[in-house]
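Listed below, chain by chain, are the residues.
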Amino acid sequence: MEAPVRLWVKTEPFLVGALPAPPPARLGPHYLRKMAAYARARASEGCFPRLSWPRWRHIACGKLQLGRGLAWLYFELFHSLLRPDPPLSLEWAEAEAACTGPDELEQERSKAGAPSRAGRRGESPAHPNASFSPLLDTLQFLLFLYIQQVNKVSLRRSLIGEEWPSPRTKSPSLTGKSASENKNWSDQDHCAFVQSHLSDMLELLLEPEQLTASSHSTHSSLVSYEAVRALSFLIEGSVSKSRTVHPLHELALWQPCHGQNGYSKVSRAFSFPKLESWLRFCLTTNPFGMTACLKSGKKLAWAQQVEGTTRRAKIACNTRVVPEVFPMVIMSQVYKQTLAKSSDTLVGAHVRIHRCNESFIYLLSPLQSVTIEKCRNSTFVLGPVQASVHVHSCDNVKVIVVCRRLCLSSTSSCTFYILTPTQPLILLGNEAVSFAPFHTHYPMLEDHMAQVGLATLPNYWDSPMLVCKESGDTSVFRLLPPSDFYTFVIPFEMEGDTTETPGGLPHAYQKALSQREQKVQIWQKTVKEAGLTKDQRKRFQVLVENKFYDWLVQTGNRQQLDSLVPPAVGSKQAAG
């Protein structure tokens, strides 16, 4: 029998919301059940049905033994999934940048998250994004914390070969199903995770009187409409053969489904066993996920096939089928070339860049998220990223970006030129990481930053957080010395008003550039005053050009310059 509705697990909570690292042990199901009971028992104190930052800080630090930085990371990460309006994000950035120290910043966060009268009564605030640190939906936040388990490693599964350590992990910790697996992108893993843990997640949402003394459900347990509404954070769907996407709670209330999901209009609740059975029966693969994109997405001819190589660049996208779903762009095996794009296809897209080598990739549009994995010896210049940039299992890459969040795992000898309002997250398996200030611009950059709600301040490019402390010290990263710092010129013509690096450069780096420029001027003056004859100037010019050519070859910059000349189009390729 075909289900009257199709349900699938949403991509975004896992792709952007699940940290790509094993979660703290205190965020396991047992402790989350305790947290659910604690929050409900303290509803009058700002814990339920909406959770304030001060109350979550108390629970996280006092009960779950998490550090304050990690507690704020989860709180802020969940908030970013709510898609706050860009103008409100800019307002919060201004307020945070005005804080003179940690205490004042904490006061600002606590003030913004104080429980309102509406929150105490269980009503939604007049504007859910009225502050950066709003009252979060407690049940949805519990589900968000639960799905952090998607990157937890099962010892049993690792022993039978389904999971294996990352080759660059220095400690016994395991990082995923295999070195090639990225669970945050795999819609099949998302669906399997929800199917495997559905009973636990539903029990997490039950009211206390529906649970046994051991916090489990019974055959007669009822699931409230509010709980199903919270589950819409993870699940959406459509009526069979329809392209219109609906949240789970709307489909669950559809009359033809009541017999299967056990909804009662009298109690405004669902039968636990019937609802669980209905969800399992209707859940299918996400039609807008990575699997569908690779199988039936539109193929894009953005990259050229390099003569003499067997690798073929593959670029695909699932175009904007429905407005509720962010588009997805996947590019793989771009080899020894420059790829530059600024197009509507990229705007608001989740981008995955996979197995690219010795290439220069420019994606100059406002993006939703970017994952760069298994790439080597390449440079990536990205437009502003509203959610996160995750770099995984990469060697000797440079990433130049303005982004909400940067996450690193299993990287080696990589350099990140960034502007970010959150601390860069250093996860498992990294070595020889360098951070430097964002150091470039293109004409539409500031317009794109405004579109995704990113400002020039605050900027935590130089304050990374060691989320997974492998060796107990900070030797895995360094700040790039000013003596090694050079600005980066984006070599494409575009329309727009930005003419310099937004926010400027830190004093030490600007001073190093000024001193280098001064040396160039002194050199030019010395040559001019040397009194060389015409023949001497000609020979001198040839000598300098030869030295410059040798430098281009030694540094690999010759390839970059050569690849800027595509077969048929000029330098306006980026605007195409």
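Residues numbered from 1 in each chain as written. Predicted model: local features only at pLDDT ≥ 70, side-chain atom pairs only at ≥ 80, totals over all residues. Heavy atoms only, no water.

**A look at the overall build of the protein**
When its secondary structure is counted, the protein shows 19 helices and 24 strands. Sorting the 576 residues of the protein into buried and exposed places 52% on the buried side. Expressed as a percentage of contacts within the protein between residues at least 6 apart in sequence, the contacts between residues at least 24 apart total 58%. Summing over all exposed atoms, the protein offers an accessible surface of approximately 26700 Å²; the carbon and sulfur share of this is 52%. (Helix = DSSP H or I, 4+ residues; strand = E, 2+ residues; numbered from the N terminus. Buried < 20%, exposed > 50% of the residue type's maximum accessible area, 1.4 Å probe, protein only. Contact = heavy atoms within 4.5 Å. Areas by Shrake-Rupley, 256 points an atom, 1.4 Å probe, with all protein chains shown as cover.)

**What to know about helix α5 (residues 86-97)**
Over its 12 residues, α5 runs 16 Å from end to end, which matches the ideal 16 Å to within 8%, given 1.5 Å per residue. What α5 keeps buried is the set S89, W92, A93 and E96. An end-on view of α5 places all buried positions within 105° of arc, on one side of the element. Turned more than 90 degrees off the buried face of α5, the exposed positions are P87, E91 and E94. (Expected span 1.5 Å × (residues − 1). Arc of directions from axis to C-beta.)

**Here we look at the pattern of salt bridges**
Under the criterion given, the structure shown has 10 salt bridges. We note a salt bridge from E106 to R68, for which the minimum N-O separation is 3.9 Å. Taken together, the positions of E106 in helix α6 (residues 102-112) and R68 in helix α4 (residues 68-80) put the pair 38 residues apart, joining distant regions of the chain. Its salt-bridge partner being R268, residue E226 comes within 3.7 Å of it at the nearest N-O pair. A residue pair is termed long-range when its members are at least 10 positions apart, and E226 in helix α11 (residues 225-231) and R268 in the loop between β7 (263-264) and β8 (269-271) qualify at 42 residues. Classification of R268 by relative accessible area gives partly exposed; the value is 42%. In the salt-bridge network here, residues are joined through shared partners; they are R57, R68 and E106. (Salt bridge = Lys/Arg side-chain N within 4 Å of Asp/Glu carboxyl O.)

**A short note on empty space enclosed by the protein**
Within the structure shown, the criterion is met by nine cavities of 30 Å³ or more. If you go around the second largest cavity, you meet 17 residues; those closest to its centre are L15, V16, N184, S388 and H390. Among the secondary structure elements, those contributing two or more residues to the lining of the second largest cavity are β16 (367-373), β18 (385-392) and β19 (398-409). Along the lines of polarity and charge, the residues of the lining of the second largest cavity split into 10 nonpolar, six polar and one charged. Two domains share the lining of the second largest cavity, each providing at least three of its residues, namely domain 1 (5-83 + 135-152 + 182-282) and domain 2 (309-507). (1 Å grid on protein atoms, 1.4 Å probe; cavity = no way out; pocket = protein on both sides within 12 Å on 5 of 7 lines; lining within 4 Å. Points joined across faces, edges and corners; volume = space filled by probe spheres on them. Nonpolar A, V, L, I, M, F, W, Y, C, P; charged D, E, K, R; others polar. Domains from an automatic or database assignment.)

**A closer look at the packing of aromatic side chains**
Going through the model one piece at a time under the given rule, you end up with 22 aromatic pairs. Judged by centre distance (6.4 Å) and plane angle (35°), the ring pair of Y362 and F488 falls under tilted. Highlighted residues: Y362 in strand β15 (residues 360-363) and F488 in the loop between β24 (477-479) and α17 (507-528), separated in sequence by 126 residues. Under the relative-accessibility criterion, Y362 is labelled buried at 1%. The exposure class of F488 is buried, given its relative accessible area of 17%. Judged by centre distance (5.9 Å) and plane angle (65°), the ring pair of F435 and F477 falls under edge-to-face. In this pair, F435 sits in strand β22 (residues 433-437) while F477 sits in strand β24, placing the two residues 42 residues apart along the sequence. Taken together, W53, W56, W72, Y74, F75, F78, F141, F144 and F233 form an aromatic cluster joined through their ring pairs. R109 extends its terminal NZ or CZ atom over the ring of W72, reaching a point 3.9 Å from the ring centre. (Phe/Tyr/Trp six-rings, centres within 6.5 Å; stacked < 30°, edge-to-face > 60°. Lys NZ or Arg CZ within 6 Å of the ring centre and 35° of its normal.)

**Some words on the environment of G262**
With respect to the helices and strands, G262 occurs in the loop between α13 (258-261) and β7. Assessed through its relative accessible area of 16%, G262 is described here as buried. A C-alpha to C-alpha distance of 8.3 Å links G262 and P273, two positions 11 residues apart in sequence. Excluding residues within four positions of it along the chain, G262 makes contact with A269, F270, S271 and K274.

**Details of a negative patch on the surface**
On the surface, a cluster of negative charge is contributed by E446, D447, D497 and E500. Within the fold, E446 resides in helix α16 (residues 445-452). (Patch = residues over 30% accessible without salt bridge, like charges linked within 9 Å, V, L, I, M, F, W, Y side chains within 5 Å. Lys, Arg positive; Asp, Glu negative; His and termini not counted. Charge placed at Lys NZ, Arg CZ, Asp CG, Glu CD.)

**Some points on the side chain of R352**
The residue R352 is located in strand β14 (residues 350-354) in this model. If sequence neighbours within four positions are ignored, R352 has contacts with N182, W185, M290, V329, I330, M331, T371 and E373.

**Focus on the confidence of the model for the protein**
Averaged over the protein, the pLDDT score is 85; the fraction of residues at 70 or greater is 84%. Within the model, pLDDT remains below 50 along residues 114-131, and this stretch shows 25 contacts once partners closer than five positions in the same chain are excluded. A low-confidence stretch, residues 568-576 (pLDDT under 50), is modelled with 17 contacts involving residues beyond four sequence positions or located in other chains. (pLDDT = per-residue confidence, 0-100.)

**Topic: the sheet that holds β7**
The strand order across the open sheet built from three strands is β4-β8-β7, with neighbouring strands paired in antiparallel fashion. Lying at the two open borders of the sheet, with one neighbouring strand each, are β4 (222-224) and β7. Relative to β8, β7 runs antiparallel, the two being bridged by two bridges. What sits directly across from S264, in β8, is A269. Along the sheet face, helix α14 (residues 272-282) touches β4 and β8 and points at about 80° away from the line of β8. (Pairing = 2+ DSSP bridges. Axes fitted to C-alpha atoms, helices over the stretch in contact; angles between N-to-C directions.)

**Let's talk about the packing of α4 against helix α8 (residues 138-146)**
Where α4 meets α8, the closest approach of the two axes is 11 Å, and the angle between their N-to-C directions is 110°. One element, α4, and the other, α8, form an angle in the roughly perpendicular class. Judged by the sense of rotation from one axis to the other, the crossing of α4 with α8 is right-handed. The residues of α8 that touch α4, namely those facing Y74, F75, L77 and F78, are Q140, F141, F144 and L145. When the residues that make up the contact of α4 with α8 are grouped by side-chain class, the tally is seven nonpolar, one polar and no charged. (Parallel < 35°, antiparallel > 145°, perpendicular 65-115°, else oblique. Left-handed = near helix turned anticlockwise from the far one by under 90°.)

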